[in-house]
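# A look at the structure
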Amino acid sequence: MAKITLDHIRHSYLPKPTRPSDYALKEVHHIWADGGAYALLGPSGCGKTTLLNIISGLITPSEGRILFDGEDVTHLPTEARNIAQVFQFPVVYDTMTVRQNLAFPLKNRRLPRDVIDKRVERVLNMLQITHLADRKAASLTADLKQNISLGRGMVREDVGAILLDEPLTVIDPHQKWQLREQLKRMHGEFGHTMVYVTHDQTEALTFADTVVVMTEGEVVQVGTPEELFLRPKHTFVGYFIGSPGMNVIPATLEGASARVGADLVSLPGGAVAPAGARIEIGVRPEFVELGGEGLPFQVTRVDDVGRERIVHGTLAGTPVSAILAEGEPLPAEPRARFKPDGINIYADSWRIEVTP
Amino acid sequence: MLELKSVSKRVGSAYHLSNISMTLEPGSLNVLLGPTLSGKTSLMRLMAGLDRPTEGSILVDGKDVTGARVQSRDVAMVYQQFINYPALTVYENIASPMRIARKPRKEIEDTVARVAELLRLTPFLDRLPLQLSGGQQQRTALARALAKNARLVLLDEPLANLDYKLREELRAELPKIFAASGAIFVYATAEPEEALLLGGNTATMEEGRVTQFGPTVDVYRRPNSVATAATFSDPPLNWGRQLKVGNVFRPTPVEDELQEEDIPVPPHLAHLPDGKYAVAIRPHHLKLEPPTSDAACVRGWVSAVEITGSETYIFMKSVCDWSVMLVHGVHRLPPRTPIDVYFELRHLMVFDADDQAVMQPESEAA
Amino acid sequence: MKTQNNRAWFLVLPVLLLVAMNAIIPLMTVVNYSLQETFGDNLFFWSGTANYEAVLSSERFHYALIRQFAYTFIILAIEIPLGVAIALAMPRSGGWASLCLVLMALPLLIPWNVVGAMWNIFALPDIGLLGYGLNWLGFDYNYTNQPLSAWFTIVLMDVWHWTSLVVLLAYAGLRSIDDAFYRAARIDGASRWAVFRYIQLPKMRQVLIIAVLLRFIDSFMIYTEPFVLTGGGPGNATTLLSIDLVKAALGEFNLGVAAAMSIIYFLMTLFVCWLFYTLMTQEDAKAEMRR
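Below is a short write-up of the structure. (Residues numbered from 1 in each chain as written. Chains lettered and ligands numbered in written order. Predicted model: local features only at pLDDT ≥ 70, side-chain atom pairs only at ≥ 80, totals over all residues. Heavy atoms only, no water.)

Before going further, it helps to examine the overall build of chain A. Each helix and strand counted, chain A has eight helices and 23 strands in total. In terms of its C-alpha atoms, chain A occupies a principal-axis envelope of roughly 75 × 50 × 35 Å. Burial analysis of chain A (356 residues in total) assigns 57% to the buried set. Sequence-distant contacts, at least 24 apart, represent 66% of the contacts inside chain A between residues at least 6 apart. (Helix = DSSP H or I, 4+ residues; strand = E, 2+ residues; numbered from the N terminus. Buried < 20%, exposed > 50% of the residue type's maximum accessible area, 1.4 Å probe, protein only. Contact = heavy atoms within 4.5 Å.)

Before going further, it helps to examine the packing of helix α3 (residues 105-118) of chain B against helix α4 (residues 134-147) of chain B. All names here are of chain B. Contact geometry of α3 with α4 gives a least axis separation of 10 Å together with a crossing angle of 135 degrees. Of the possible angle classes, the one that applies to α3 and α4 is oblique. The element α3 and its partner α4 pack so that their crossing is right-handed. Taking contact as the criterion, the partners of Thr-111, Val-115 and Leu-118 in α3 are, on α4, Ala-143, Leu-146 and Ala-147. Looking at side-chain class alone, the contact of α3 with α4 contains five nonpolar, one polar and no charged residues. (Axes fitted to C-alpha atoms, helices over the stretch in contact; angles between N-to-C directions. Parallel < 35°, antiparallel > 145°, perpendicular 65-115°, else oblique. Left-handed = near helix turned anticlockwise from the far one by under 90°. Nonpolar A, V, L, I, M, F, W, Y, C, P; charged D, E, K, R; others polar.)

The subject of this paragraph is the packing of helix α2 (residues 90-100) of chain B against α4 of chain B. Residue and element names in this part refer to chain B. Two numbers describe how α2 lies on α4: the axes approach to 7 Å, and their chain directions differ by 30 degrees. Taken as axis vectors, α2 and α4 run roughly parallel relative to one another. Our pair here, α2 against α4, has a crossing hand that is right-handed. From α2, Val-90, Asn-93, Ile-94, Ser-96, Pro-97 and Met-98 reach across to α4, where they touch Thr-140, Ala-143, Arg-144 and Ala-147.

As a general point, the strands of a sheet are linked pairwise by backbone hydrogen bonds and lie either parallel or antiparallel. All names here are of chain A. One open sheet accounts for four strands, arranged β11-β15-β22-β23; its pairing is antiparallel. The open sheet has two free edges, formed respectively by β11 (247-250) and β23 (350-352), since each of these has just one partner strand. Each adjacent strand pair in this sheet contributes to an overall mean axis angle of 40 degrees, direction not counted. In this sheet, strand β22 (residues 343-347) lies alongside strand β15 (residues 279-283) in antiparallel orientation, the contact comprising five bridges. Bridged to Ile-279 within β22 is Ala-347. (Pairing = 2+ DSSP bridges.)

Along the chain, Leu-152 of chain B falls in strand β7 (residues 152-156). For Leu-152 of chain B, the residues in contact, after removing those within four places along its chain, are Leu-2, Met-47, Asp-74, Val-75, Ala-76, Ile-184 and Val-186 of chain B.

Residues and elements named next belong to chain B. Among the secondary structure elements, Arg-151 is positioned in the loop between α4 and β7. Sequence-wise, Arg-151 and Gln-81 are 70 residues apart; in three dimensions their C-alpha atoms are separated by 22 Å. When sequence neighbours within four positions are dropped, the list of residues in contact with Arg-151 reads Val-60, Asp-61, Asp-74, Ala-183 and Ile-184. Here the side chain of Arg-151 touches Asp-61 through a polar contact of 2.6 Å, side chain to side chain. (Polar contact = N/O pair within 3.5 Å; in protein donor to acceptor, adjacent residues only side chain to side chain.)

The partner chain A presents 33 residues to the 44 residues of chain B that form the contact. Summed over both partners, the interface of chain B with chain A comes to about 3400 Å²; 52% of that surface belongs to carbon and sulfur atoms. For chain B, the biggest contributors to the area lost against chain A are Tyr-164, Lys-165 and Glu-306 of chain B; these three give 19% of the whole. Summed over the shared surface of chain B and chain A, the result is five salt bridges. For the salt bridge of Arg-221 of chain B with Asp-304 of chain A, the shortest nitrogen-to-oxygen distance reads 3.2 Å. Broken down by secondary-structure element, the contributors of at least two residues to the side of chain B that touches chain A are α5 (164-180), α6 (192-198), α7 (216-221), α8 (226-231), β15 (296-307) and β16 (311-318) of chain B. The greatest single-element share of the side of chain B that touches chain A, amounting to seven residues, is contributed by α5 of chain B. (Buried area = accessible area lost by both parts, 1.4 Å probe. Salt bridge = Lys/Arg side-chain N within 4 Å of Asp/Glu carboxyl O.)

All we've got here are geometric facts, nothing functional implied.
This is the structure:
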């Protein structure tokens, strides 16, 4: 088990980076606690894979250091780092049985036979695949193969961190649920530090205690799923997390209210924005109430997604969506009201604090 | 109009598709929903004419085309992988089917301009596919399929390789794009949410069979069998086998200590004969607090929770084999916490011993 | 429906004609020859299976056959491991990779008789670099009068000429392995040998089977190079099947016997190919079942 320290890390694929845009990964400085579940979340090209490769030792960062439990491993190769990794596409040794696959990392490290057998047995039990132990790994389905990849990390006692690189990409929706629950259970049982890389917000939020949201090589917010949902620090986080994402509406501040178009929206408190900043208010569709009161809302489309309906429309010229619970009626000429708790204020896309 | 009449596809002794009949109207969007290897791709290959059915016939506008080659079928196809001509610009990629059909230059220019506008590719027409993002590459493939102006457009999990947010964006645009064309669209996906967002009709598939085919929301709300309900549920459907004894459903096998876990039989089902049934409910219909005064309740034990920020998935063990609930708010419940799980009787789905629906939940306001 | 079927037959007619001209008619001619005896002047006498019996019981044929199998076995045993080893040592990407590929392809581009002629001179003990060099090193080497030297030379020549093919096939197989496998193996602490044994070899299996098949057929039919180099000598030391065949047909004008030999020879190759094909498709079918 390990605490991972990312000490002022920057990385550029260019030999002599000069401008900030030359960096594929802009400065990252974090300490990840031992036994934590972390997710790196962002669209493709946001730098999350670069960061993962720095942690796994595939890339040496241009600047900064990486420490495992205080020990500098920046220049150590992958095999010397005591990490395990689960890849996007299941990696199993085709010619070996499930049991041999799990024993492989231990055999390579020349552990005694009885120790190997005991640990393999334990992991087989944990993964609930004892009945498959003597099947050829090549004959299994994708989700079971991912289980084995995970198990190969779990059998080693020296493993400090387990890295998961979009591990559910090729898994069917129903198996995804099982694998996610499995992962959660294994994390609880073994307590490894886990780093999960994905572009899928649901996977990130449901897996991690702490989610690191990245875009364009930059970390924009590190927080718990609740923080990311309720208090997105940047409008990108608001957009990227949530489905549909947060509504961002241009506004001007007037004391404890915000003017949206011709109407006033009351805020949970006053806020002080830097002079000349572009002000927007962010409201998640979950906090938009459609009824008889509030701002005029023109409906453009309604999507029935079963357990709820997503109402798309415009409000003061800006596209806004709202969520209606299953069975909740949609008024003929709806008006939108924002729940005060759900309103965040943004100056030049960054969130500013509200003082009641 | 495309009609499949009792179509089957056998390879060796194994049926990849068995006895499928469906009619697809021009201008309709038809979703094939099912897990990997449920037969979605095999069915599309039959529709395209890439494969020939072992039994049954395929009719286009009433004409039998069962043996006809793919070239004579007037179909376009979009795949999960982004397939474009790498050496041609986006413009030429989109124009390629019309060039092959030797369309006049004016028509090609107009069509490419229109389709590119629709798919927001206008600024990229001079680029090569590999200089584009994944989303734009897939838009190009879609544009080419639309430019072909085929009568039948087949899309095989076209969004599966895209980032989550890109998928969301394109998914919202697709129904508009489909509506603007008069073709028959067939769209395969493994994700129930995608089927709901696309609307149109849905055929749920399981092991080479179409278990139900109808308007998407109807199939979702009134599944005719356990198979349909389970396929069309994400998170997974909660269901278990129960024994109806008088006016209660009792879990089977009956465990003595848990006799009080009976579920009341909804009043309008009181007439059903006693016997074996399957009782199911969707995860979001389960609550931690009683939603109304006449809600029923079962006991469960938490096995894990997942928090999305605004909602919580609670995985649990329960006597009636229900295993997951989706509730609003954040609930940090440690494993093995006992919970009371409430639900309204009108949300129960009841299936007979053969897993066929005997009662479908009342339709919600749609 | 019926008319469509007839039209389809028309489409395959050209191919049928081509196959008939290329394969069926010559083969039937050979079968015809093999069942008769001729002394020229287009006079033929029916001899039934006499030619086959003569061939199958002749010591000369047995020796040629043994030599042929020995030769094929030796070159396979050298070329397959060597080819795999070279493919493993080649860089996986970049400019050097392309350069290596071009160098590897060179021997394959040289016409076969030129290869024979090249080695003929190269191995001459008085002026050839190889022959002179070996003698200078103290080996008593002369491929024109020592069977061992002759065998050494034809094997070396074949290895030089054809290992490239194995390299290219193995290299293609290696390139198709996703990087994740190597990274997983590093994380699992696998040794170089374990990576080869559990990742590279299983993933190369398919292409290696093709390589063995191709090299088997080619070496079984080999004629030009050893003929140009040694002419089957010294004595009959390097008289492989096809050289023996030509000797019988043209050297001794024993058409009936030569034809019977061809048929036997053809059937043997066909059998081995069938064996390989079945093995390969069986594995594929198994792989299909797993999916």
